[in-house]
Amino acid sequence: MAGEYSLYLLRCADDTLYTGIAQDVTARLAAHESGRKGAKYLRGRSPLTLVFAEAVGDRGRAQRLESRVKQLPRARKLALIEGRLALADLEAG
């Protein structure tokens, strides 16, 4: 049985934002920080700060939302982090 996925955003030391999905965000953050099984993009960008996480359901929905968030300009990602934009708004169109 598949578990629920969450979409998350990390703020890197260089102030860039990284978007990802995971079933266990805490464990995924630890993997990113260890560098061994984390995203290559994040290497050398520590410390990492979790700035957004929201449960989104199954893997397919998580991947669709991740793709949409990655395409957003920085200002819209910040709106998502600040609660001025909802993930549901990204599915509407």
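First things first, this report covers the structure right here in the doc.

Conventions used here
- Residues numbered from 1 in each chain as written.
- Predicted model: local features only at pLDDT ≥ 70, side-chain atom pairs only at ≥ 80, totals over all residues.
- Heavy atoms only, no water.
- Helix = DSSP H or I, 4+ residues; strand = E, 2+ residues; numbered from the N terminus.
- Rg over C-alpha atoms; globule rule 2.2 N^0.38 Å.
- Pairing = 2+ DSSP bridges.
- Axes fitted to C-alpha atoms, helices over the stretch in contact; angles between N-to-C directions.
- Contact = heavy atoms within 4.5 Å.
- Buried < 20%, exposed > 50% of the residue type's maximum accessible area, 1.4 Å probe, protein only.
- Arc of directions from axis to C-beta.
- Core = buried A, V, L, I, M, F, W, Y, C linked by side-chain atoms within 4.5 Å.

What follows deals with the overall build of the protein. The secondary structure content of the protein amounts to four helices and three strands. Across the protein, helices and strands are ordered from the amino to the carboxyl terminus as β-β-α-β-α-α-α. Computed over C-alpha atoms, the radius of gyration of the protein comes to 13 Å, within 12% of the 12 Å expected from 2.2 N^0.38 for 93 residues, which places it in the range of a compact globule. Over its C-alpha atoms, taken along the principal directions, the protein stretches across nearly 35 × 35 × 20 Å.

Below, the discussion takes up the sheet that holds strand E3 (residues 49–57). Pairing in this open sheet of three strands is antiparallel, and the strands run E2-E1-E3 from one edge to the other. Each having just a single partner strand, strand E2 (17–22) and E3 make up the two edges of the open sheet. Across this sheet, the average inter-strand angle for adjacent strands is 20°, counted without regard to direction. Judged from the seven bridges that link them, strand E1 (residues 5–11) and E3 form a sheet pairing that is antiparallel. Bridged to Ser 6 within E3 is Ala 55. This element, helix H1 (residues 25–34), spans E1, E2 and E3 of the sheet and lies at about 40° to E1.

Attention now goes to helix H3 (residues 74–82). Regarding H3, the residues found buried are Lys 77, Ala 79 and Leu 80. Down the axis of H3, the buried set is contained in an arc of 155°. They therefore lie on one face. In H3, the exposed positions that point more than 90 degrees away from the buried face belong to Ala 75 and Glu 82. Phi for Gly 83, located one or two positions after H3, is positive at around 85°.

The next subject is the nonpolar core. By size, the foremost hydrophobic cluster in this structure holds 15 residues, and its most contacted members are Leu 7, Val 56, Val 69, Leu 80, Leu 87 and Leu 90. Among the secondary structure elements, those contributing two or more residues to this core are E1, E3, helix H2 (59–71), H3 and helix H4 (87–91). In this view, Val 56 contacts Tyr 5, Ser 6, Leu 7, Arg 61, Ala 62, Leu 65 and Leu 87; residues no more than four positions away in its chain are not counted. Counting 10 residues, the second largest nonpolar core, distinct from the first, contains Tyr 8, Cys 12, Val 25 and Leu 48.

Time to look at the pairing of E1. The two faces of a sheet get side chains in turn, since along a regular strand they alternate between them. By the criterion of burial, E1 is predominantly enclosed, with six of the seven residues buried. What sits between E1 and E2 in their antiparallel hairpin is a turn of five residues, with Asp 15 showing a positive phi close to 70°.

Here we take up unusual backbone geometry. Backbone torsion omega between Ser 46 and Pro 47 reads 5°, so that peptide bond is classified as cis. Structurally, Pro 47 can be placed in the loop between H1 and E3. Not every positive phi belongs to a glycine, and Asp 15 is a case in point at roughly 70°. Following the sequence through the fold, Asp 15 ends up in the loop between E1 and E2.

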